[in-house]
Amino acid sequence: MPAADFRARVEALRPYLVKFASLQLRQREAAEDAVQETLLAALGAEASYAGRADLRTWLTGILKHKIV
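Throughout, residues of each chain are indexed from 1 in the direction in which the sequence is written. Selection of residues for local features in this predicted model requires a pLDDT of at least 70, selection of side-chain atom pairs for listing and counting requires 80 or more, and totals for whole chains, interfaces and linings are taken over all residues. Excluding hydrogens and water, the side-chain figures rest on all heavy atoms present in the structure.

A few words now on the overall build of the protein chain. Helix and strand assignments follow DSSP, with helices taken as H or I runs no shorter than four residues and strands as E runs no shorter than two, numbered in order from the N terminus. A tally of regular secondary structure across the protein chain gives four helices and zero strands. Starting at the N terminus and walking to the C terminus, you meet the elements of the protein chain as α-α-α-α. Radius of gyration (C-alpha) of the protein chain: 11 Å, near the 11 Å computed for a compact globule of 68 residues. By its C-alpha atoms, the protein chain is 35 × 20 × 15 Å across when sized along the principal axes. Relative to all contacts within the protein chain whose residues are 6 or more apart in sequence, the contacts with residues 24 or more apart total 63%. For the radius of gyration, the atoms used are the C-alpha atoms, and the globule rule reads 2.2 Å times the number of residues raised to 0.38. Only heavy atoms matter for contacts: two residues are in contact if any of them lie within 4.5 Å across the pair.

Right, here's the structure in full:
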(Lines give C-alpha, C1' and ligand atoms only; values in the text may rest on other atoms or scores of the structure.)
Protein backbone atom coordinates (compact mmCIF):
# COMPACT_ATOMS: atom_id res chain seq x y z
CA MET A 1 0.00 0.00 0.00
CA PRO A 2 1.42 3.43 -0.88
CA ALA A 3 2.41 5.59 2.08
CA ALA A 4 -0.13 8.29 1.16
CA ASP A 5 -2.98 5.75 1.24
CA PHE A 6 -1.87 4.41 4.62
CA ARG A 7 -1.61 7.93 6.03
CA ALA A 8 -5.07 8.84 4.73
CA ARG A 9 -6.59 5.70 6.28
CA VAL A 10 -4.89 6.43 9.60
CA GLU A 11 -6.03 10.07 9.60
CA ALA A 12 -9.60 9.01 8.78
CA LEU A 13 -9.68 7.10 12.09
CA ARG A 14 -8.57 10.12 14.14
CA PRO A 15 -12.11 11.12 15.27
CA TYR A 16 -12.76 7.58 16.54
CA LEU A 17 -9.43 7.53 18.38
CA VAL A 18 -10.07 10.93 20.01
CA LYS A 19 -13.49 9.79 21.18
CA PHE A 20 -12.04 6.55 22.58
CA ALA A 21 -9.22 8.39 24.36
CA SER A 22 -11.59 11.05 25.70
CA LEU A 23 -13.78 8.40 27.29
CA GLN A 24 -10.74 6.79 28.92
CA LEU A 25 -8.91 9.93 30.04
CA ARG A 26 -11.83 12.31 30.61
CA GLN A 27 -9.69 15.26 29.47
CA ARG A 28 -9.82 16.48 25.89
CA GLU A 29 -6.25 17.81 25.91
CA ALA A 30 -4.81 14.57 27.28
CA ALA A 31 -6.85 12.60 24.74
CA GLU A 32 -5.54 14.75 21.87
CA ASP A 33 -1.97 14.24 23.08
CA ALA A 34 -2.41 10.47 23.32
CA VAL A 35 -3.93 10.31 19.84
CA GLN A 36 -1.14 12.45 18.40
CA GLU A 37 1.45 10.11 19.91
CA THR A 38 -0.50 7.14 18.54
CA LEU A 39 -0.61 8.56 15.02
CA LEU A 40 3.10 9.36 15.06
CA ALA A 41 3.90 5.85 16.28
CA ALA A 42 1.65 4.26 13.66
CA LEU A 43 3.10 6.28 10.81
CA GLY A 44 6.60 5.42 11.99
CA ALA A 45 5.73 1.73 12.19
CA GLU A 46 3.84 1.44 8.91
CA ALA A 47 6.13 -1.36 7.74
CA SER A 48 5.19 -3.46 10.77
CA TYR A 49 1.47 -3.29 9.99
CA ALA A 50 0.92 -6.58 8.20
CA GLY A 51 -2.82 -6.21 7.75
CA ARG A 52 -3.67 -9.26 9.84
CA ALA A 53 -5.83 -7.06 12.08
CA ASP A 54 -8.15 -4.28 11.04
CA LEU A 55 -6.36 -0.91 10.97
CA ARG A 56 -8.76 0.47 13.59
CA THR A 57 -7.98 -2.45 15.91
CA TRP A 58 -4.23 -1.97 15.43
CA LEU A 59 -4.44 1.76 16.14
CA THR A 60 -6.66 1.23 19.17
CA GLY A 61 -4.07 -1.17 20.58
CA ILE A 62 -1.34 1.43 20.15
CA LEU A 63 -3.58 4.05 21.75
CA LYS A 64 -4.29 1.81 24.74
CA HIS A 65 -0.56 1.47 25.35
CA LYS A 66 -0.11 5.25 25.10
CA ILE A 67 -2.93 5.81 27.61
CA VAL A 68 -1.42 3.40 30.12
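A positive phi angle, close to 60 degrees, is found at Arg26, a residue other than glycine. Residue placement: Arg26 occurs in the loop between helix H2 (14–25) and helix H3 (28–44).

All right, on to the side chain of Thr38 then. Along the chain, Thr38 falls in helix H3. Residue exposure (1.4 Å probe, protein chains only): buried if accessible area is under 20% of the type maximum, exposed if over 50%, otherwise partly exposed. For Thr38, a relative accessible area of 0% puts it in the buried group. Excluding anything up to four places from it in sequence, Thr38 contacts Leu59, Ile62, Leu63 and Lys66.

Below, the discussion takes up H3. By definition here, a helix of n residues has an expected span of 1.5 Å times n minus one. Helix length check: H3 (17 residues) gives 24 Å between terminal C-alpha atoms against 24 Å at 1.5 Å per residue, within 8%. Taken residue by residue, H3 has Ala31, Ala34, Val35, Thr38, Leu39 and Ala42 as its buried positions. Mapping the buried residues of H3 onto a view down its axis gives an arc of 135 degrees, with all of them on the same face. Residues of H3 that are exposed and point more than 90 degrees away from the buried face comprise Glu29, Leu40 and Gly44. At its buried positions, H3 is contacted by helix H1 (3–12), H2 and helix H4 (55–67). Think of it as the arc spanned by the lines of direction from the helix axis to the C-beta atoms.

Remember, this is a structural readout, not a statement about activity or role.
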